[in-house]
Amino acid sequence: MFKSLEIFKVSHEMASHAATRQAVVAENMANADTPGYEARDITPFKEIYRSEGSGTAMRATREGHMGGSFETSATSYNSEVSIAPNGNSVSLEEEMMKSVEVKRQHDRALAIYKHSLDVIRTTIGR
């Protein structure tokens, strides 16, 4: 019954993705005044999850990984916001909205994890 608990792996990857994206957003905000800096972002988790086919298969990013991991790499993107005269493409408002989105994703991952634990505890009678 409990041989493969994919829900825990997916919730872990969702939380890890949120942490990685938060780091990228924080880096963008820290470089808001850096001349020529291009804002970066990573692929949203839902797109990574959908591209995996069945949704539960994971890729190992290097040898020795247990169970694999979703690949997340930050890439520059063209913002819909105008570029500053110094060539900087960071919009603090846009980055703040992304930060809120990331927090919600992390909270969602924790809620899924906690609920899954509750289901297991109920199943075994604790």
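Cut-offs and rules
Along every chain, residues carry numbers that run from 1 in the direction the sequence is written. Local features in this predicted model are restricted to residues of pLDDT 70 or higher, and side-chain atom pairs are both shown and tallied only at a pLDDT of 80 or more, whereas totals for entire chains, interfaces and linings draw on every residue. Side-chain numbers come from the whole structure's heavy atoms, not from hydrogens or water. Think of it this way: any DSSP run of H or I at least four residues long counts as a helix, any run of E at least two long counts as a strand, and we number them from the N terminus. Burial classes: relative accessible area under 20% of the type maximum marks a residue as buried, over 50% as exposed, and values in between as partly exposed (1.4 Å probe, protein chains only). A 1.4 Å probe and the Shrake-Rupley method give the accessible areas. Residues count as covered only by the protein chains that appear here. Aromatic pairing here means that ring centres of Phe, Tyr or Trp (its six-membered ring) are within 6.5 Å. Orientation follows from the plane angle: under 30 degrees is stacked, over 60 is edge-to-face, and everything else is tilted. Angular values range over 0 to 180 degrees, each being the angle between N-to-C directions of two axes fitted as lines to C-alpha atoms, with helices fitted over their stretch in contact. The labels follow the angle: roughly parallel below 35 degrees, roughly antiparallel above 145, roughly perpendicular from 65 to 115, and oblique for the rest. It is the rotation of the near helix from the far one that decides the hand of a crossing: anticlockwise by less than a right angle makes it left-handed, clockwise makes it right-handed. Following the grouping adopted for this structure description, the nonpolar residues are Ala, Val, Leu, Ile, Met, Phe, Trp, Tyr, Cys and Pro, the charged ones are Asp, Glu, Lys and Arg, and the polar ones are all others, Gly among them.

(A) Region of the structure containing the overall build of the chain. When helices and strands are counted, the chain shows 3 helices and 2 strands. Overall, the chain shows an N-to-C arrangement of helices and strands of α-β-α-β-α. A buried classification covers 30% of the 126 residues belonging to the chain. In the form shown here, the chain has an accessible surface area of approximately 8400 Å², with 55% of it arising from carbon and sulfur atoms.

(B) A look at the packing of aromatic side chains. Taken as a whole and judged by the stated rule, the model has 2 aromatic pairs. Relative to Tyr113, the ring of Phe8 has its centre 5.2 Å away and its plane inclined at 80 degrees; by these criteria the two rings are edge-to-face. Of this pair, Phe8 sits in helix α1 (residues 6-30) while Tyr113 sits in helix α3 (residues 92-124), and the two are 105 residues apart along the sequence. With a centroid separation of 6.1 Å and an interplanar angle of 25 degrees, the aromatic rings of Phe45 and Tyr49 are classed as stacked. A residue pair is termed a helical-turn pair when its members lie 3 or 4 positions apart in one helix, as Phe45 and Tyr49 do in helix α2 (residues 45-51) at 4 residues.

(C) Examining the packing of α1 against α3 more closely. Two elements in contact, α1 and α3, have axes whose closest approach is 9 Å; the angle formed by their N-to-C orientations is 160 degrees. By the angle class used here, α1 and α3 are roughly antiparallel. The two elements α1 and α3 cross, and the hand of that crossing is left-handed. The residue makeup of the contact of α1 with α3, split by class, is 15 nonpolar, 8 polar and 5 charged.

Spatial relationships are all this shows, so hold off on functional conclusions.
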